[in-house]
Amino acid sequence: MIHKIRIASRGHEDPRGEEVLRDIRRLNLGNFSDVKTVKVYRFEGLAEADAEMFASRLADVDEFYMVNEPIRNGATTVVEVAYRPGIMNPESASLMKMGSDLGFRTLLAADSSMEYHFFGDIENKNVVVVVDRLLMNAAVQHVVTEEPKTLIITATTPPAAIVPIRDLDDEALRALSKDTLFLTLDEMRTIQGHFRDVLRRDPRDIELETPGVMWSEHCCHKTFNAEIMRNGQRKTPFMTRLKQTSARYSRGVVSAFVDNAGAGEFYEGWSLCGKVETHNKPSNIDPVGGAATGTGGVLRDDECLGEGAKVVASSETYCLASPKTPSERLPPGVLLPESVYRGVVVGVGGYGNRMGIPTVLGSTHFHDDFRANAVVIVGSFGILPTARAKKGVPQPGDLIIVAGGRTGRDGIHGATFSSGETTDRTSLVNSGAVQIGNAIEEKRLFDANLVIRDKNCIRAKTDCGAGGLCCAVSELGSQTGVRVDLKKVPVKYAGLSPSEIWISESQERDVIIIRPEDLPTVLETYKLYNVEAAVIGVITNDHQLVVSYGDEIVCDLSMEFVHHGLPRRVMKAELKNESFPEPQIPLYREEDFVASFEAVVGHLNVASREPVARLYDQSVQGTSALAPFTGVFNDCPNDAVVLRPLLGKPYGLVLSQGLNPILNRIDPYWGSLWAGVKAMSNYVAAGGRIAQGEAFLIDNFIWPFPDEESLAALDEAVDACVKLMHVFKLPFISGKDSLSSTYRGHGMVIKIPPVLCVSMFGRIPNVMKTVSADFKRSDSHLLLLGRQRIGALGGSVYYDTLGYVGNRLPKPDLENAPRVFDTMHRWVNEGKILAAKSIGEGGLAAALAKMCFGGDVGAEIGVSSHLHADPRHAFFNETSGCLLLEVKGEHLGMVQELPGLVRVIGKTSPRRAIIGRQNLSESAPTLFSIETDRLRCIWKQPMLEVFGHAKEAA
């Protein structure tokens, strides 16, 4: 029998219901007067008295419960939303553990869901719209219309299926690959030939899925390893270019391009590590679940570097269409951008923060062509002893352990589906590729693994990310061979086929290689931390990948074929330069300039992200030395953050990033250079040093599907990364390419603007030698450091407010940037800088406004004699590598240290206004005056509207 427990608030406080009601009213979805929520639990196998006892434990002091009875509160209608059967609800495992701890031995299964009680003069169609838009993702959830007869999923494990492939023609091979394998015809022919000519048999299904996973773009970077033909010339593969150049600047590098993350030296025998990943496709299907498991996955990348790092920080960056994009602008099968944005924010924050990891860095970038493929970039940064930063070599006889969460159907074909284009069928065909994360499970796993590491029990490890056990086990045993029994893998429910167990991307799982003599210690530690672990196989020395299910062999392939059988691509690249009209800028008028200034500051790509960032815990672990926001009202965004990962020590970890997708659409080479220089200028703005052994780079290429045009643009971006390394003598030590962000269907082809996200992490010896972005006082002097490309407004926010893109990019000054950055670092260490902010989207206008907001002061700027006769060319220019500085008058001699590269442009003022004069004389004619209080409201309003708190902006 199933007992149903409902739990509701005793009083009027119902935060979740209030949030739903606020969203309903904001979106004008119907005449709802109130929304109440009721948590629902179902338990199978309990006696009724036990259900009463269970309910009393689940209800908080300000809640009441009903067992097997509805909560009658006069609601107009009630809707229950639950996970679909077969989609693992993370709460279920916790409920079962709770039942076990309470001694309820008869408990067979448990589940949870949510009831929404709607009040008001509403029609059923209004309720349907609210549920579809706000409360449910049909890919993983459903509306409960009848009570389940059982919560137990029972099924018989099917045997491995034989796939007759040897005699298939090309059309049949394409059909076999479509929607699941996402392999090319040439790759399918290679698989066919191997089984026909070498093995002389047809493959079992798992033997077809294995190369499908291992040869996916997601797992083996086949475009980045391809031979590139451009203008008839053969170019070095992308990956080779990056690795070879990075190796030239490897001082301080501990691990680069060979592990789950990259690592560089810190202090006193410790190393820092970092990895930045994407989770785009799953997040577009299920924003909450996709972003959450993207975060969980990238955290595991650091946790699985070498013998395992402690994760100390995470980051999040999004590229989206405007939240106000009308539904008629969206192609079939695509979620509303607002739903995606709100969902991914909840997913990222709800995962990392539950694990006690601060989310400290991020940004959001908007463009209409992200409407069919949103980009979700998640990062992780950690620390570990340098001596444990490299994996050991598995030896024959070593044991293979899977630890953490159980394996289910969630995440099937995640790696392969993420490697293909998006179509109108994606959300239907590939909904099973979305994983359901459980942050608490991962937290327990991380804690246990650190203990096992410090007991010297880990030979090697990796996580079950893309491709699941298939990828993890195959990689760890690539130089030796493995034998695995999938029947020993703990599963969430019965009936999983061997191939489903093998390629499932269920989260919170690590694969660990240990010596046999360490097994008792390892299992005892996992038990202590309530982590499930099982020995599933052994390292062999026959260089074969042998997988069984009990006594049945379901896969027997050579490691040579799995890892090296993929035919190397030869890909043709041809860049088609797109031209964008330049606007005719009218003659300067003060009222037009003020309106443009306000439009720029209120633009989505400039507006305050504080309402988003405040949804994350940014100070957990107590390591924050320079927080994401500072200032009088704690709302001024800093360009970088500084953490103190070793408490009690002065050493700092600096984190920054840079990207600007629209510039890559105009010119992928200079747009990519802009992104890299922006990451560096953000880094030095906080006090970091651009020098070998001090800072390290991570690249993330998120690109349209690599047709000839997009591939040529990618070629330009890779060349830009190589140029960055040569100019600044810094290495890229980790990265990721996601090359499938093209929508194709219903006569539409929508390519995202190409994205290169450059992330930086590194060390500083003293966290006290840092600087924030908020102005500190009135009557300070303002310096503009670096050389602006006056007249280059292409891709600027200002142009976008006019409805234009333009062609002339604000190219960074590569010749002088190293000297500018080195001098900036020295000034910070000498204590000469009060505040600093790098120039980026929104230009000098945005930087100046944010710094004024931070100090609750104003500024007076000398325009004609210090910047440009037309204020628009200076204030809206977005040349990266330039910085706006606040200094005391006694330090103005700094200007002489970099002739032509630093200028005094104004002073801070006690009056809360930004005033432009022809020169710095107080008697000079005023060109414009903008009140900062009004400007602050304009700056904050856009994100307040998105997240339902617009009333707070008044």
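Shown above is the structure to which this text applies.
Attention here is on the structure that accompanies the text. (Residues numbered from 1 in each chain as written. Predicted model: local features only at pLDDT ≥ 70, side-chain atom pairs only at ≥ 80, totals over all residues. Heavy atoms only, no water.)

1. Re the overall build of the chain
When its secondary structure is counted, the chain shows 29 helices and 39 strands. For a compact globule of 954 residues, the expected C-alpha radius of gyration is about 30 Å, and the chain comes in at 28 Å, within 12% of that figure. When its C-alpha atoms are laid out on the principal axes, the chain stretches across 90 × 70 × 60 Å. A burial count over the chain gives 62% of its 954 residues as buried. Sequence separation of at least 24 residues holds for 83% of the intrachain contacts in the chain that already meet a minimum separation of 6. By element, 50% of the accessible surface of the chain is carried by carbon and sulfur atoms, the whole surface being about 34800 Å². The centroid of the 103 positive side-chain charges in the chain is displaced by 4 Å from the centroid of its 117 negative side-chain charges. (Helix = DSSP H or I, 4+ residues; strand = E, 2+ residues; numbered from the N terminus. Rg over C-alpha atoms; globule rule 2.2 N^0.38 Å. Buried < 20%, exposed > 50% of the residue type's maximum accessible area, 1.4 Å probe, protein only. Contact = heavy atoms within 4.5 Å. Areas by Shrake-Rupley, 256 points an atom, 1.4 Å probe, with all protein chains shown as cover. Lys, Arg positive; Asp, Glu negative; His and termini not counted. Charge placed at Lys NZ, Arg CZ, Asp CG, Glu CD.)

2. A closer look at the sheet that holds strand β34 (residues 835-838)
The seven strands are arranged β34-β36-β33-β37-β35-β38-β39 in an open sheet whose pairing can be described as mixed. The open sheet has two edge strands, β34 and β39 (926-931), and neither has a second partner. Averaged over all neighbouring strand pairs, the angle between strand axes comes to 20 degrees, with direction disregarded. Two elements, strand β38 (residues 913-917) and β39, share five bridges in a ladder whose sense is antiparallel. Note on β39: the bridge partner recorded for Gly916 is Phe928. Where helix α20 (residues 590-601) meets the sheet, its contacts fall on β38 and β39, and the angle it forms with β39 comes to roughly 35 degrees. Each of β33 (781-785), β34, β36 (883-887) and β37 (902-909) touches helix α26 (residues 817-829); the most contacted strand, β36, lies at about 25 degrees to it. (Pairing = 2+ DSSP bridges. Axes fitted to C-alpha atoms, helices over the stretch in contact; angles between N-to-C directions.)

3. Considerations on the pairing of strand β27 (residues 652-658)
Counting buried positions over the seven residues of β27 gives seven, a clear majority of the element. Side-chain alternation along β27 places Gly652, Val654, Ser656 and Gly658 on one buried face and Leu653, Leu655 and Gln657 on a second face that is also buried. Bridge count for strand β26 (residues 641-643) against β27 is three bridges, and the pairing is antiparallel. In the strand pairing of β27, Leu643 is matched with Leu653. With seven bridges joining them, β27 and strand β32 (residues 755-764) adopt antiparallel strand pairing. Within β32, the position partnered with Leu653 by the bridge is Arg763.

4. Quick word on α26
Across its 13 residues, α26 extends 18 Å between first and last C-alpha, which sits within 8% of the 18 Å expected from 1.5 Å per residue. Along α26, the residues classified as buried are Ala817, Val820, Phe821, Thr823, Met824, His825, Trp827 and Val828. The elements touched by buried residues of α26 are α23 (668-685), α24 (708-728), β33, β34, β36 and β37. (Expected span 1.5 Å × (residues − 1).)

5. Some details on the pattern of salt bridges
With the rule as written, the count across this model stands at 73 salt bridges. Residue Asp259 pairs with Lys391 through a salt bridge whose shortest N-O separation is 3.0 Å. Within this pair, whereas Asp259 is found in the loop between β9 (253-255) and β10 (262-265), its partner Lys391 is found in the loop between β14 (375-385) and β15 (399-404), the two being separated by 132 residues in sequence. Among the residues examined, Asp259 registers a relative accessible area of 19% and is labelled buried. The class of Lys391 is partly exposed, set by a relative accessible area of 28%. As a salt-bridge pair, Glu931 and Arg911 come within 2.9 Å of each other at their nearest N and O atoms. A residue pair is termed long-range when its members are at least 10 positions apart, and Glu931 in strand β39 and Arg911 in the loop between β37 and β38 qualify at 20 residues. (Salt bridge = Lys/Arg side-chain N within 4 Å of Asp/Glu carboxyl O.)

6. Regarding the packing of aromatic side chains
Tallying each qualifying case throughout the model produces 29 aromatic pairs. The ring of Tyr267 carries Arg763 above its face, with NZ or CZ at 4.7 Å from the centroid. (Phe/Tyr/Trp six-rings, centres within 6.5 Å; stacked < 30°, edge-to-face > 60°. Lys NZ or Arg CZ within 6 Å of the ring centre and 35° of its normal.)

7. As for the pairing of β15
Counting buried residues along β15, six of its six residues qualify, which places the element largely inside the surrounding structure. Pairing geometry for β15 and strand β18 (residues 509-514), over six bridges, is antiparallel. Following the sheet pairing, Ile401 is matched in β18 by Ile512. Here β15 pairs with strand β19 (residues 533-539) via five bridges, running antiparallel. Among the inter-strand pairings, Ile400 is bridged to a residue of β19, identified as Gly537.

8. Digging into a positive patch on the surface
Taken together, Arg787, Arg789, Lys811 and Arg819 make up a surface patch of like positive charges. On the secondary structure map, Arg819 appears in helix α26. Since its relative accessible area comes to 43%, Arg819 is described here as partly exposed. (Patch = residues over 30% accessible without salt bridge, like charges linked within 9 Å, V, L, I, M, F, W, Y side chains within 5 Å.)

9. What about unusual backbone geometry?
The residue Glu508 is not glycine, and still its phi comes out positive at about 60 degrees. Along the chain, Glu508 falls in the loop between α17 (498-503) and β18. Backbone geometry places His543, a non-glycine residue, at a positive phi of 60 degrees. Note on placement: His543 falls in the loop between β19 and β20 (544-549). For His543, a relative accessible area of 43% gives the class partly exposed.

10. Quick word on the environment of Gly481
For Gly481, the location among the structural elements is in the loop between α16 (468-476) and β17 (482-485). A residue is classified by how much of its surface remains accessible, and Gly481, at 0% relative accessible area, is buried. Considered as a pair, Gly481 and Thr145 are 336 residues apart in the sequence and their alpha carbons are 50 Å apart. With sequence-adjacent residues up to four places away left out, Gly481 is seen in contact with Val538, Ile539, Thr540, Asp542, His543, Gln544 and Met559.

11. Structural notes on the nonpolar core
With 77 residues, the main nonpolar core has Phe701, Phe728, Phe821 and Ile833 as its most contacted residues. Here this core gets 13 residues from one element, more than from any other, and that element is α24. The residues contacting Ile833, other than those within four sequence positions of it, are Val771, Met824, Trp827, Val828, Leu885, Glu886, Val887 and Met894. Within the second largest apolar cluster, 50 residues are counted, among which are Ala460, Leu496, Ala534 and Tyr549. (Core = buried A, V, L, I, M, F, W, Y, C linked by side-chain atoms within 4.5 Å.)

12. So, the environment of Val491
Note that Val491 resides in the loop between β17 and α17. Taking the relative accessible area as the measure of exposure, Val491 reaches 23% and is therefore partly exposed. Counting along the chain gives 86 residues from Val491 to Gly405, while the straight-line C-alpha distance between them is 8.7 Å. With residues up to four places along the chain from it excluded, the contact list for Val491 reads Arg406, Thr407, Leu496 and Ile501.

13. Focus on the packing of helix α11 (residues 287-303) against helix α15 (residues 439-454)
For the pair α11 and α15, the least separation of the axes is 12 Å and the interaxial angle reads 0 degrees. Between α11 and α15, the angle is such that the two are roughly parallel. Of the residues in α15, those touching α11 at Gly296, Leu299, Arg300 and Glu303 are Glu442, Phe446 and Asn449. Its residues assigned to classes, the contact of α11 with α15 shows two nonpolar, two polar and three charged. (Parallel < 35°, antiparallel > 145°, perpendicular 65-115°, else oblique. Nonpolar A, V, L, I, M, F, W, Y, C, P; charged D, E, K, R; others polar.)

14. Observations regarding the sheet that holds strand β2 (residues 32-44)
Strand order in this open sheet of six strands is β3-β1-β2-β5-β4-β6, and the pairing throughout is antiparallel. Each edge of the sheet is formed by a strand with only one pairing partner; in this case those strands are β3 (63-67) and β6 (141-143). This sheet shows a mean twist of 25 degrees between the axes of neighbouring strands, independent of strand direction. Inspection of the sheet shows strand β4 (residues 77-83) paired to β6 by three bridges, in the antiparallel sense. Considered in β6, the bridge of Ala82 is made with His142. Across the sheet, helix α1 (residues 15-27) is in contact with β2 and β5 (109-120); its angle to β2 comes to roughly 135 degrees. Running at roughly 120 degrees to β5, helix α3 (residues 90-101) makes contact with β2, β4 and β5 of the sheet.

15. Concerning α16
Taken across its nine residues, α16 has eight buried, putting it largely inside the fold. Turning to α16, its buried residues number three or more, namely Gly468, Leu469, Cys470, Cys471, Ala472, Val473, Ser474 and Leu476.

16. A few points about the state of the cysteines
Within the structure shown, the criterion is met by zero disulfides. For the unlinked cysteine Cys470, the closest cysteine sulfur is that of Cys471, found at 6.7 Å. (Disulfide = S-S within 2.5 Å.)

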